[in-house]
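# Fold and contact review
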2 protein chains.
Amino acid sequence: MKIGILGYGNLGKGVESAIRQNKDMELTCIITRRDPSQIKPLTDGVKVYSVADIEKLKDMIDVLVICGGSATDLPKQTPEFVKYFNVIDSFDTHAKIPDHFANVDKIAKENNHIALISCGWDPGMFSLMRLYGSAVLPEGQDYTFWGKGVSQGHSDAIRRVKGVKNGKQYTIPVQEALDAVRAGTNPQLTTRQKHIRECFVVAEEGADLNQIEHDIKTMPNYFADYDTTVHFISEEEFNANHAGIPHGGFVFRTGVTGINKENTHVIEYSLKLDSNPEFTSSVILAYARGIYRLHEEGVTGCKTVFDIAPAYLSPLSNEELRAHML
Amino acid sequence: MKIGILGYGNLGKGVESAIRQNKDMELTCIITRRDPSQIKPLTDGVKVYSVADIEKLKDMIDVLVICGGSATDLPKQTPEFVKYFNVIDSFDTHAKIPDHFANVDKIAKENNHIALISCGWDPGMFSLMRLYGSAVLPEGQDYTFWGKGVSQGHSDAIRRVKGVKNGKQYTIPVQEALDAVRAGTNPQLTTRQKHIRECFVVAEEGADLNQIEHDIKTMPNYFADYDTTVHFISEEEFNANHAGIPHGGFVFRTGVTGINKENTHVIEYSLKLDSNPEFTSSVILAYARGIYRLHEEGVTGCKTVFDIAPAYLSPLSNEELRAHML
């Protein structure tokens, strides 16, 4: 499989390194909106092209991994480039998925291509766990917790506060809430009861720390509905201890069975990820394999992780899977 | 969907009660090798038939759930009855799955039916987690732990020991092993390091307790390779505290990503089940829905959980799934 990468940020670099771990895949090109001469791939011999030349690359790419942002890039890029390629993206604005799906599906079918949108871990693996959980325990409840991990959006919000030089925000599930769900007690949890928000801030010299802390904790949507802690640290400590992009979380399904609903079951799925973009990249490549195979069978249109039978994701044959993994 | 149940033991009863939790399903008949008049279904109005009359029931059943044992029942029943019906079973002798698959596949295709074998949680949901884990983290290791839960096979083995009146065996994962895997240290674990076996025994009056304990602990295959504890208890205590059939377990995938493989990720899936057969039944019904839909699309032959796209398992439409679960 020949893989192209569009966009060489954290996610694009993650895809580049993950391709090395999949022997049936080859990175053929990196495509950028920047000046191609400014991009230095980590992979020897890989060519970098301008997005202006993308139409010329049709024979070089079986699946194009589109590594743009969900706010403005992907709603344009995925429908645009599915004209020329099979594509996969990590569109993660949950509320806008139906619109994005419809846009991509129409153009994919018109051009006999296949696309998979919203790949990664949430949406992605977590979505799968919500679906499997509700299908196998129809009378029950699901719970999704995120963290401990870095929220890019909340970190950006901190950095926009007056007097803040740098900042990072960790989303952390509340331990008591996890324990209550795990015990099968089906708790009703408010936003504040599910997650806490911990902020590490490097202040500008002479800044009013009390004012910064107040501005963060009262920020609507981002922090006001949560118990938020703010730690002021030095730039050295920030760089030494907060450079990574870890993340993770939990999906639970709890439910009952039995003629009198007397038996309780708890399904728990969790991720502890040292690198959010690298894990997302790894999931994307498994699904790139899946849609490539489906396209070989003649399937076109837009898909999600819900539409791909698990066997399509593995490099192993169906016989090997049944013999060794079932 | 019209569901038939073949075999009215723990699993068959679990399927019967689970059908009530799935609004798109209806239990149309129970089929038994016993005298049908001896079976008293919990569901009003459900007819019970002898297995000798099974061919006459073709119009009453969209999917037949075969609730036999893996040792001798299913290898005969599933290939036999897929002649007449779409069928699903919980065949769990891992080593013999390829043979069973081939037998069922051939006859299913000859008769334009669909079958799904080895459904439940292991094989079943745990198999899915092994597949997904290895596909999204290709450089890594997986671990499966079972328990805490009742092993039917080991409990049977205890009851065959001289002087034992009743017995139950719990398989328990070793906490240190779970912790080491969870920490991402990729431990190499022996059989003894992964699980302990805890036995509760009601002895016959006057039996030699030391001899019973010795006979259990040294039993090859079942106990000799494990740290085993034996507790002698009264029949009253046995009935009060050891009547249930709980089970569960853990599937882990740990792996690395990054250009220098510098980042570690841990995926953990766990089940805590009050009733092993009822949870198995619930999984079976979700897959019964899946193969019924695939058969409506014209698909025939033998399938496993690896072959079914997740969306087929849910009563929700694809649009609803994308809007609410992705």
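Residues numbered from 1 in each chain as written. Chains lettered and ligands numbered in written order. Predicted model: local features only at pLDDT ≥ 70, side-chain atom pairs only at ≥ 80, totals over all residues. Heavy atoms only, no water.

## Points about the overall build of chain A
Applicable threshold: Secondary structure elements follow DSSP: runs of H or I of four or more residues count as helices, runs of E of two or more count as strands, with numbering from the N terminus. This radius of gyration counts C-alpha atoms alone. The globule rule is 2.2 Å times how many residues there are, raised to the power 0.38. Exposure is judged per residue with a 1.4 Å probe applied to protein chains only, and the accessible area is read against the type maximum: over 50% gives exposed, under 20% gives buried, and values in between give partly exposed. Contacts are residue-level and defined by heavy atoms, with any inter-residue pair within 4.5 Å sufficient. A residue counts as positive if it is Lys or Arg and as negative if it is Asp or Glu; His and the chain ends are not included. To locate a charge, the coordinates of NZ of Lys, CZ of Arg, CG of Asp or CD of Glu are taken.
Within chain A, the secondary structure is distributed over 11 helices and 14 strands. By the compact-globule yardstick of 20 Å for 326 residues, chain A fits well, its C-alpha radius of gyration being 22 Å. When the backbone C-alpha atoms are referred to their principal axes, chain A occupies close to 65 × 60 × 35 Å. Across the 326 residues that make up chain A, the buried fraction comes to 56%. Taking as baseline every contact in chain A between residues at least 6 positions apart, the subset at least 24 positions apart corresponds to 67%. Separation between the mean location of the 34 positive side-chain charges and that of the 42 negative ones in chain A comes to 3 Å.

## Remarks on the relation of the copies chain B and chain A
Applicable threshold: Fitting of the copies onto one another was done by least squares over C-alpha atoms, counting residues only where both copies have pLDDT of at least 70.
Once chain B has been moved 0.0 Å along the axis and rotated by 180°, it coincides with chain A to within an RMSD of 0.0 Å. The relationship between the two copies is best expressed as a two-fold rotation axis. It is Ala-309 of chain B whose C-alpha, among those of chain B, lies nearest the rotation axis, at 1.9 Å.

## What about the sheet that holds strand β2 (residues 26-32) of chain B?
Residues and elements named next belong to chain B. The criterion, for reference: Here a strand pair is declared whenever DSSP counts at least two bridges between the two strands. Note on method: axes are straight lines fitted to C-alpha atoms, helices fitted across the in-contact stretch only, with angles between N-to-C directions ranging 0 to 180 degrees.
Spatially, the seven strands line up as an open sheet ordered β3-β2-β1-β4-β5-β6-β14, and their pairing is parallel. The sheet is open, and its two borders are formed by β3 (47-50) and β14 (301-303), each paired with just one other strand. Here the average twist between neighbouring strands, direction ignored, is 25°. When strand β1 (residues 2-6) meets strand β4 (residues 63-66), the two strands line up parallel, connected through four bridges. Note on β4: the bridge partner recorded for Ile-5 is Val-65.

## Brief notes about the interface of chain B and chain A
Put simply, the rule reads: Buried area adds together the accessible area that both of two parts lose upon being put together, with accessible area traced by a 1.4 Å probe. For salt bridges, the criterion is a side-chain nitrogen of Lys or Arg within 4 Å of an Asp or Glu carboxyl oxygen. Think of a polar contact as two N or O atoms within 3.5 Å of one another; within protein, one of them needs to be a possible hydrogen donor and the other a possible acceptor, and neighboring residues in sequence only count if both atoms come from side chains. Nonpolar residues are Ala, Val, Leu, Ile, Met, Phe, Trp, Tyr, Cys and Pro. Charged residues are Asp, Glu, Lys and Arg, and all others, Gly as well, are polar.
Taken together, the contacts link 67 residues of chain B with 67 residues of chain A. When the two sides are added together, the surface that chain B and chain A hide from each other amounts to roughly 6000 Å², 63% of it contributed by carbon and sulfur. Applying the counting rule to chain B against chain A returns zero salt bridges. In this structure, the connection of chain B to chain A is made through 29 residue pairs in polar contact (both at pLDDT 80 or more). Of all the secondary-structure elements, those providing two or more residues to the side of chain B that touches chain A are α3 (97-110), α4 (125-136), β12 (247-257), β13 (263-273), α10 (276-296) and α11 (318-324) of chain B. In terms of residue count, the dominant contributor to the side of chain B that touches chain A is β13 of chain B (11 residues). Its residues placed into classes, the side of chain B that touches chain A shows 36 nonpolar, 18 polar and 13 charged. As judged from the nine bridges shared by strand β13 (residues 263-273) of chain A and β13 of chain B, these two strands associate in the antiparallel manner. Across the sheet, Lys-272 of chain A pairs through a bridge with Val-266 of chain B, a residue of β13 of chain B.

## Things to note about the packing of aromatic side chains
Stated formally: Working definition: a ring pair exists when centres of Phe, Tyr or Trp rings (six-membered ring for Trp) sit within 6.5 Å. Plane angles under 30 degrees give stacked, over 60 give edge-to-face, the rest tilted. Geometrically, a charge over a ring is one whose NZ (Lys) or CZ (Arg) sits within 6 Å of the ring centre while staying within 35 degrees of the ring normal.
Under the defined criterion, the tally for this structure stands at 13 aromatic pairs over all chains. For the pair Phe-145 of chain A and Phe-252 of chain A, a centre-to-centre distance of 6.0 Å together with 85° between the ring planes defines the contact as edge-to-face. Separated by 107 residues along the polypeptide, Phe-145 of chain A in strand β7 (residues 140-146) and Phe-252 of chain A in strand β12 (residues 247-257) bring together distant segments of the chain. This pair shows no difference in class: Phe-145 of chain A is buried, exactly as Phe-252 of chain A is. An aromatic cluster is present here, built from Trp-121, Phe-126 and Tyr-269 of chain A joined pairwise through their rings. Seen from the ring of Phe-145 of chain A, Lys-194 of chain A lies directly overhead, with NZ or CZ sitting 5.0 Å from the centre. Over the face of the ring belonging to Phe-101 of chain A we find Arg-322 of chain B, whose NZ or CZ atom lies 3.5 Å from the ring centre.

## Re the packing of helix α10 (residues 276-296) of chain A against α4 of chain B
What counts is decided by this rule: Should an angle lie under 35 degrees it is considered roughly parallel, over 145 roughly antiparallel, and from 65 to 115 roughly perpendicular; all remaining angles are considered oblique.
Two numbers describe how α10 of chain A lies on α4 of chain B: the axes approach to 8 Å, and their chain directions differ by 110°. Regarding the angle of α10 of chain A to α4 of chain B, the classification is roughly perpendicular. Contact residues: Phe-279, Ser-282, Val-283, Ala-286 and Tyr-287 of chain A in α10 of chain A; Tyr-132, Ala-135 and Val-136 of chain B in α4 of chain B. Tallied by class, the residues present in the contact of α10 of chain A with α4 of chain B amount to seven nonpolar, one polar and no charged.

## Some points on helix α3 (residues 97-110) of chain A
Stated formally: Any helix carries an expected span of 1.5 Å times its number of residues minus one.
Its 14 residues give α3 of chain A an end-to-end C-alpha distance of 20 Å, which sits within 8% of 20 Å, the value for a rise of 1.5 Å per residue. Structurally, α3 of chain A contributes buried residues whose contacts are with α2 (73-81), β6 (114-116) and β14 (301-303) of chain A together with α11 of chain B. One or two residues past the end of α3 of chain A sits Asn-112 of chain A, with phi positive at roughly 55°.

## Let's talk about the nonpolar core
Note the threshold: Residues enter a nonpolar core if they are buried and are Ala, Val, Leu, Ile, Met, Phe, Trp, Tyr or Cys, with the set joined through side-chain atoms within 4.5 Å.
Grouped together as the largest cluster of nonpolar side chains are 153 residues, with contacts concentrated most on Leu-64 and Tyr-287 of chain A together with Leu-64 and Tyr-287 of chain B. If we skip the residues at most four places from it in the chain, Leu-64 of chain A touches Gly-4, Ile-5, Leu-6, Ile-31, Ile-54, Phe-81, Phe-85, Asn-86, Val-87 and Ile-88 of chain A.

## Focus: the confidence of the model for chain A
This is how the line gets drawn: The predictor reports its confidence for every residue as pLDDT, a score running from 0 up to 100.
In the predicted model, chain A carries a mean pLDDT of 97, and 100% of its residues have values of at least 70. At the level of chain-chain contacts, confidence expressed as ipTM amounts to 0.96, with global pTM at 0.96.

## Some remarks on the pairing of strand β2 (residues 26-32) of chain A
Residues and elements named next belong to chain A. Inclusion rule: Here is how to tell: hold the view so the strands point away, follow the path from the first strand over the helix to the second, and if it runs clockwise the crossover is right-handed.
Across the seven residues that make up β2, a large majority, six, are buried. Both strand β1 (residues 2-6) and β2 contribute to a ladder of five bridges, which runs parallel. Within β2, the residue paired with Leu-6 across the bridge is Ile-31. Taking the sense of rotation as the criterion, the β-α-β connection linking β1, helix α1 (residues 10-19) and β2 turns out right-handed. Here four bridges tie β2 to strand β3 (residues 47-50), and the two strands are oriented parallel to one another. Bridge pairing in β3 places Thr-32 opposite Ser-50.

## Structural notes on unusual backbone geometry
Here the amide bond leading from Asp-122 of chain B into Pro-123 of chain B is cis, since omega sits at 5°, within 30 degrees of zero. The omega angle of the peptide bond from Gly-147 of chain B to Lys-148 of chain B is 0°, so this bond is cis rather than trans. Note on placement: Lys-148 of chain B falls in the loop between β7 (140-146) and β8 (149-150). Positive phi values are uncommon outside glycine, yet Asn-112 of chain A reaches one of about 55°. Examined against the element boundaries, Asn-112 of chain A turns out to sit in the loop between α3 and β6.

## As for the sheet that holds strand β8 (residues 149-150) of chain A
Residue and element names in this part refer to chain A. The sheet built from four strands is open, its strands ordered β8-β9-β10-β11 with mixed pairing. Bordering the open sheet on either side are β8 and β11 (227-232), each of which pairs with just one other strand. Of the pairings in the sheet, the one linking β8 to strand β9 (residues 164-173) comprises two bridges and is antiparallel in character. Bridging across to β9, Val-150 finds its partner in Tyr-170. Relative to the sheet, helix α8 (residues 209-217) contacts β9, β10 (195-203) and β11, its axis offset from that of β11 by approximately 150°.

## Things to note about the side chain of Thr-78 of chain A
Residues and elements named next belong to chain A. Note on placement: Thr-78 falls in helix α2. On the basis of relative accessibility, which here comes to 0%, the residue Thr-78 falls in the buried class. Look past the residues within four positions of Thr-78 in its chain and what remains in contact with it is Ile-66, Val-87, Asp-89, His-100, Val-104 and Ile-117.

## Comments concerning the environment of Ile-107 of chain B
Residues and elements named next belong to chain B. Along the polypeptide, Ile-107 turns up in helix α3. Overall, the relative accessible area of 18% leaves Ile-107 in the buried class. The spatial distance from the C-alpha of Ile-107 to the C-alpha of Cys-302 is 8.9 Å, given a sequence separation of 195 residues. Dropping the residues within four chain positions of it, Ile-107 is found in contact with Pro-79, Val-82 and Lys-83.

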